[in-house]
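# Examination of the molecular architecture
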Amino acid sequence: MGIDIDRRDLIGASILTTAAIAALPISADAATKAAVDTKDPKAMMMILARLQGDLSGRPVYGYQRGQVYGLIGGQNLPLADYGRRLYDYEGASVGRSRVLPNGDVETKSRSWLFYTDPATGAYIKTWRNPMTGKDVTVPPFRGGISGGTLTPNGPKVSANFTMESTVFGKPAHLEFVTIGDRTWVSRHAFTRWTPKGSTKARTEMTQDTWVVATRDLANPRLTAIPATSSWTSQTEWQTWLQMPEGQAGQQIWRSDGMKVASIAALPPAFVAQCKAEHGGILTDPIVWEAT
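This section reports on the structure supplied with the text. (Residues numbered from 1 in each chain as written. Predicted model: local features only at pLDDT ≥ 70, side-chain atom pairs only at ≥ 80, totals over all residues. Heavy atoms only, no water.)

### Observations concerning the side chain of T116
Put simply, the rule reads: By the criteria applied, helices consist of DSSP H or I runs no shorter than four residues and strands consist of E runs no shorter than two, each listed in order from the N terminus. Throughout, a contact is declared for two residues whenever any of their heavy atoms are within 4.5 Å.
Of note, T116 is situated in strand β4 (residues 105–116). Among residues more than four places away in sequence, those in contact with T116 are Y87, D88, Y89, E90, G121, A122, Y123 and I124.

Structure, rendered in structure tokens:
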């Protein structure tokens, strides 16, 4: 009986939610059609560039906080074994963007992250894998300077390993949902790469979503579009987890964050951790190569 009542409650809540949403002006792209030409590859490229960075050339700091889950599906496991929250993380990037003479946008950035304990928020350097019972070393992640160029026909990237992605070689495909004065801008990608020194390819699905004021999409004076962002990834087990060979399952990553204009806007504890672990990673300049 309790189950039936809960189901009715859920159905009722769904009806109320649907009715409330129906009262709002929701459109897949009506507002953005008035603001930008969603079929124009260059317009989409410039929106993406202004969501990710700042075309003024000023440094931009990106900050994200998220969770990582482990899922083992299709084996009729108890729920406690099907899905687990493995660990959390805090990540950041610092980058610069500039518009090239041909209208493309060049970007340079570096990124890094720290893993944290979901229960305490403490930064961790060792971790017990609940799926194997083994203690493993948590490696630091610090990416080097990376760069690329956004073009109307997709991004051009330089990597020292083999990589393919559904965003390469085609105009940026952005999807828009407008509710009231807010617009959600999203894009997804499917990627395959072979890490340097490995012969086994890995795959990943990612989705980025930015929430913006609709009016900002139509404001050409903005070199950067203010936004909050979320990121979701489905990928294979990280190697440092030391999962058994052939172990079924995948990881789901989910984070929320935003870009800020200064180090002072980042969480103080995170800034302190950056200084303790990576020295000048927040302050070392990102410079353009001479042309």
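Moving on from the model shown.
### Regarding the layout of surface pockets
Cut-off, in case you're wondering: Think of a 1 Å grid over the protein atoms and nothing else: a 1.4 Å probe that fits but is trapped marks a cavity, an open set flanked by protein within 12 Å on at least five of seven lines marks a pocket, and residues with an atom within 4 Å of a point count as lining. Grid points are joined across faces, edges and corners, and a volume is the space filled by probe spheres set on the points. Note on residue classes: Ala, Val, Leu, Ile, Met, Phe, Trp, Tyr, Cys and Pro are nonpolar, Asp, Glu, Lys and Arg are charged, and everything else, Gly too, is polar.
When its volume is computed, the second largest pocket comes out at roughly 350 Å³. Lining the second largest pocket we find 15 residues, and of these K200, R202, W237, T239 and E245 sit closest to its centre. Grouping the amino acids of the lining of the second largest pocket by side-chain chemistry returns 4 nonpolar, 7 polar and 4 charged.

### A look at helix α6 (residues 268–278)
Turn by turn, an α-helix covers 3.6 residues, leaving residues three or four places apart pointing in a common direction. What counts here: Relative accessibility thresholds used throughout: buried, under 20% of the residue-type maximum; exposed, over 50%; partly exposed, between the two (1.4 Å probe, protein chains only). Comment: arc refers to directions from the helix axis out to C-beta atoms.
Those residues of α6 that fall on the buried side of the exposure criterion are F270, V271, Q273, C274 and H278. Within α6, the buried residues cover an arc of 160 degrees as seen down the axis, which keeps them to one side. Pointing more than 90 degrees away from the buried face of α6 are the exposed residues P268, A269, K275 and A276. At its buried positions, α6 is contacted by β2 (60–71), β3 (83–99), β4 and β7 (141–142). Phi turns positive, to about 55 degrees, at G279, one or two residues after α6.

### Details of the packing of aromatic side chains
Let me state the cut-off plainly: Here a pair means two rings of Phe, Tyr or Trp (six-membered ring of Trp) with centres within 6.5 Å. Their orientation is stacked below 30 degrees between planes, edge-to-face above 60, and tilted elsewhere.
Scanning the entire structure with this criterion turns up 11 aromatic pairs. An angle of 70 degrees between the planes, with centres 5.2 Å apart, marks the rings of Y63 and F270 as edge-to-face. Here the residue Y63 occupies a position in strand β2, and F270 occupies one in helix α6, the gap between them amounting to 207 residues. F270 carries the same exposure label as Y63, and that label is buried. Clustering of aromatic rings is evident, with ring pairs tying together Y87, Y89, Y115, W127, W231, W240 and W253.

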